[in-house]
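So the chains spell out like this:
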Amino acid sequence: MAPRRPAELYRAPFPLYTVRLHPRRPLAITAGGGGAAKTGIRNGVHFLQLEQIGGRLSASLLHSHDTETRATMTMALADDIIAAGQDASCHILRFSLQPPEAKSGSAGRNGSGEKGPRKRKGPIPAGQSDMQSQTSEVTVESLHSVRTDFSPDALQKAVRFNADCSLLVTGGADGFLRLWEFPSMKKTLEFKAHDGEIEDIALGPDNKVVTAGRDFQCCVWQQDQLVTGLRWNENLPGIPDKAYRYQACRFGAVEDNAGALRLYTVQVPHKRERRPPPCYLTKWDGKSFLPLLTRPCGSEVISCLSISDSGTFLGLGTVTGSVAIHIAFSLQRLYYVKEAHGIVVTDVAFVPESRRGRELLAGNEAALLSVAVDSRCKLHLLPSRRSLPVWLLLLLCAGLIVAAILLLQLTFPGFL
């Protein structure tokens, strides 16, 4: 049975390009905008509170942070720190959430001045662009701004924190990989990793950095030394080297194997054809970087990739607005909604599997948020897959054997 159409969780007054979920708080952060063009479309970062209401996951706007003429295209989250890619720069923001009792003025009080229940804030209606509304619970402070791309059409295309948040890595249209000491934002390393744009970055064990570029290369780096170049099609001789390019790369955990990692990459056709060839997913060993499994994942061009905290699921968005969830172990598709958005899906993110995240899942196995240029944030739920306990399966098998023996005895008297 096909999944139901995904619920619209939130609609922003500008195109959305990125979304992140806080690992410990019921908070989603999404951002985008119209850029520097004087079209009347604002630019901002929206903080959304997530909560279960009536058995359904709901989002309400807590705060709108105005980013002036800069649209946020990429974003990395480290606790309460945001690294936002805006044009050719990376802006470091720190946000804090104030408890309800810390609100000033009339917040949290009724008309008589007595403390009353906090009113839940509903989502901004479509078309409304009040960037200053509902700002009493979140404060945002700008800490740093550094230039991260120097190409003629400068654009930071990827940003990642390492595991302990001591390092920030950026990549952009000029093909340079830049490493920044965090939180001082002192640049520690800069080198040309690709001829052309860097599409994505993944940080793995021992601070190894994986970069996917538009030059058909996906490289593993230790500092500025090339460790290896990935060859996803080396066991697929029918696919030429330059028929596909790498679109995305991510490290993910391995279920039931603490500390182990897998690398996942997406390969998309370099040229568009009348009959589009399939895109591919590849799973790699996280230490040796040898390919473990490659499977086609549909003919719609993949635009973004996310991995659940446990490493169980992969989330994919496409340029035609579709959203899919695959099982990481087998790379098989488990969930798919065609054209969930009306235009390219720009980012996807799983609800964290922390205690607070489990409360938001409300019995579902996973939940994926997707954002797109159509200004919508949509919710994709993966219901828990029902499974029988081993003891019950054994009992059923024993019952079937006994029933078969009795049937044979009735059919052929004297069989036993």
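Whatever comes next refers back to the structure up there.
The residue numbering used here restarts from 1 in each chain and proceeds along that chain's sequence as written. Per-residue local features are limited, in this predicted model, to residues with pLDDT of at least 70; the limit for side-chain atom pairs, both in listing and counting, is 80 or more; totals at the level of whole chains, interfaces and linings are taken over all residues. As a convention, hydrogens and water are excluded, and side-chain values are obtained from all of the structure's heavy atoms.

1. A look at the overall build of the protein chain
Part 1 of the argument: Numbering of helices and strands starts at the N terminus; helices are DSSP runs of H or I of at least 4 residues and strands are runs of E of at least 2. Each helix and strand in the protein chain was counted, giving two helices and 28 strands.
Part 2 of the argument: Burial analysis of the protein chain (416 residues in total) assigns 49% to the buried set.
Part 3 of the argument: The contacts of the protein chain with a sequence gap of at least 6 include a subset with a gap of at least 24, amounting to 51%.
Part 4 of the argument: Here the accessible surface of atoms and residues is derived via Shrake-Rupley with a 1.4 Å probe, and residues count as covered only by protein chains that are part of the display. Surface summary for the protein chain: the accessible area is close to 20400 Å², and the carbon and sulfur share equals 54%. Burial classes follow relative accessibility: with a 1.4 Å probe on protein chains only, a residue under 20% of its type's maximum area counts as buried, one over 50% as exposed, and anything between as partly exposed. In what follows, a contact means two residues having at least one pair of non-hydrogen atoms within 4.5 Å.

2. Observations concerning the environment of Pro278
Part 1 of the argument: Along the chain, the position of Pro278 falls in the loop between strand S19 (261–269) and strand S20 (280–285).
Part 2 of the argument: For Pro278, a relative accessible area of 29% corresponds to the partly exposed category.
Part 3 of the argument: For the pair Pro278 and Arg295, spaced 17 residues apart in sequence, the C-alpha to C-alpha distance is 9.5 Å.
Part 4 of the argument: Dropping the residues within four chain positions of it, Pro278 is found in contact with Tyr244, Pro269, Pro296, Gly298 and Ser299.

3. Brief notes about the sheet that holds strand S17 (residues 225–229)
Part 1 of the argument: Across the sheet, four strands lie side by side as S14-S15-S16-S17; this open sheet has antiparallel pairing. Single-partner strands in this sheet number two, and they are strand S14 (198–203) and S17. In this sheet, adjacent strand axes meet at a mean angle of 25° when their direction is disregarded.
Part 2 of the argument: As paired elements, strand S15 (residues 209–213) and strand S16 (residues 218–222) share four bridges and run antiparallel to each other. Across the sheet, residue Thr211 finds its bridge partner in S16, namely Cys219. Between any two strands, at least two bridges found by DSSP are needed for them to pair. Fitted lines through C-alpha atoms give the axes, limited to the stretch in contact for helices. The angle between two N-to-C directions lies from 0 to 180 degrees.

4. Observations concerning the environment of Met73
Part 1 of the argument: If you trace the backbone, Met73 turns up in strand S6 (residues 72–78).
Part 2 of the argument: When its relative accessible area of 29% is taken as the criterion, Met73 is described as partly exposed.
Part 3 of the argument: Each C-alpha atom of the pair Met73 and Tyr17 lies 5.4 Å from the other, and the pair is 56 residues apart in sequence.
Part 4 of the argument: Once you skip the residues sitting within four places of it in the chain, Met73 turns out to touch Tyr17, Thr18, Gly85 and Leu155.

5. A closer look at the pattern of salt bridges
Any two side chains of opposite charge can pair, given that their charged atoms come close.
Part 1 of the argument: Definition used for salt bridges: Asp or Glu carboxyl oxygen within 4 Å of a side-chain nitrogen of Lys or Arg. Overall, the coordinates contain 22 salt bridges when judged by the stated rule.
Part 2 of the argument: Linking Asp80 and Arg25 is a salt bridge whose minimum nitrogen-to-oxygen distance equals 3.1 Å. Of the two residues, Asp80 is situated in the loop between S6 and strand S7 (81–86) and Arg25 in the loop between strand S2 (16–21) and strand S3 (27–33); the sequence distance between them amounts to 55 residues.
Part 3 of the argument: Judged by relative accessible area, which is 26%, Arg25 ranks as partly exposed.
Part 4 of the argument: Salt bridges sharing partners connect three or more residues here, namely Lys157, Glu197, Glu199, Arg214 and Arg245.

6. Focus: the nonpolar core
Part 1 of the argument: In these notes, a set of buried Ala, Val, Leu, Ile, Met, Phe, Trp, Tyr and Cys residues joined through side-chain atoms within 4.5 Å is what counts as a nonpolar core. Counting 22 residues, the largest nonpolar core has Leu9, Leu21, Leu50, Val351, Leu369 and Cys377 as its most contacted members.
Part 2 of the argument: Residue assignment for this core shows that the elements contributing at least two residues are strand S1 (7–11), S2, strand S4 (43–53), strand S5 (56–66), helix H1 (355–361), strand S27 (366–372) and strand S28 (376–382).
Part 3 of the argument: If we ignore the near neighbours within four places in the chain, the residues touching Leu369 are Leu9, Val19, Leu21, Ala28, Asp347, Val348, Ala349, Val351, Cys377, Lys378 and Leu379.
Part 4 of the argument: Formed by 16 residues, the second largest nonpolar core is a distinct cluster that contains Cys249, Phe251, Tyr280 and Phe289.

7. What about the side chain of Arg160?
Part 1 of the argument: Note that Arg160 resides in strand S10 (residues 156–161).
Part 2 of the argument: Side-chain atoms alone can form a polar contact between residues adjacent in sequence; in general such a contact is a pair of N or O atoms within 3.5 Å, and within protein one must be able to donate a hydrogen while the other accepts it. Within polar-contact distance, the side chain of Arg160 engages the backbone oxygen of Ile201 at 3.1 Å.
Part 3 of the argument: Beyond its immediate stretch of four places on either side in the chain, Arg160 contacts Arg20, Ala76, Leu167, Leu168, Val169, Asp200, Ile201, Leu203 and Arg250.

8. A word on the pairing of S20
Part 1 of the argument: With five of six residues buried, S20 lies mostly within the body of the structure.
Part 2 of the argument: Summarising the sheet, S19 and S20 pair through six bridges and their orientation is antiparallel. Residue pairing in the sheet places Val266 in a bridge with Leu281 of S20.
Part 3 of the argument: Here five bridges tie S20 to strand S21 (residues 291–296), and the two strands are oriented antiparallel to one another. From the neighbouring strand, Lys283 faces S21, where its bridge partner is Leu293.
Part 4 of the argument: The hairpin turn running from S20 into S21, its antiparallel successor, is five residues long, and Phe289 in that turn takes a positive phi close to 60°.

9. Focus on the side chain of His46
Part 1 of the argument: Relative to the elements of secondary structure, His46 occurs in strand S4.
Part 2 of the argument: Among the polar contacts listed, one links the side chain of His46 to the side chain of Tyr10, at a separation of 2.7 Å.

10. What to know about the packing of aromatic side chains
Part 1 of the argument: Here a Phe, Tyr or Trp ring, Trp counted by its six-membered ring, pairs with any other such ring whose centre lies within 6.5 Å, and the pair is stacked when the planes are under 30 degrees apart, edge-to-face when over 60, and tilted otherwise. Using the criterion set out here, one finds seven aromatic pairs in the structure.
Part 2 of the argument: On the basis of an interplanar angle of 75° and a centroid distance of 5.4 Å, the ring pair of Trp232 and Tyr244 is categorised as edge-to-face. With Trp232 in the loop between S17 and strand S18 (244–253) and Tyr244 in strand S18, this pair connects stretches of sequence that are twelve residues apart. Summarising the burial analysis for this pair, Trp232 and Tyr244 share the class buried.

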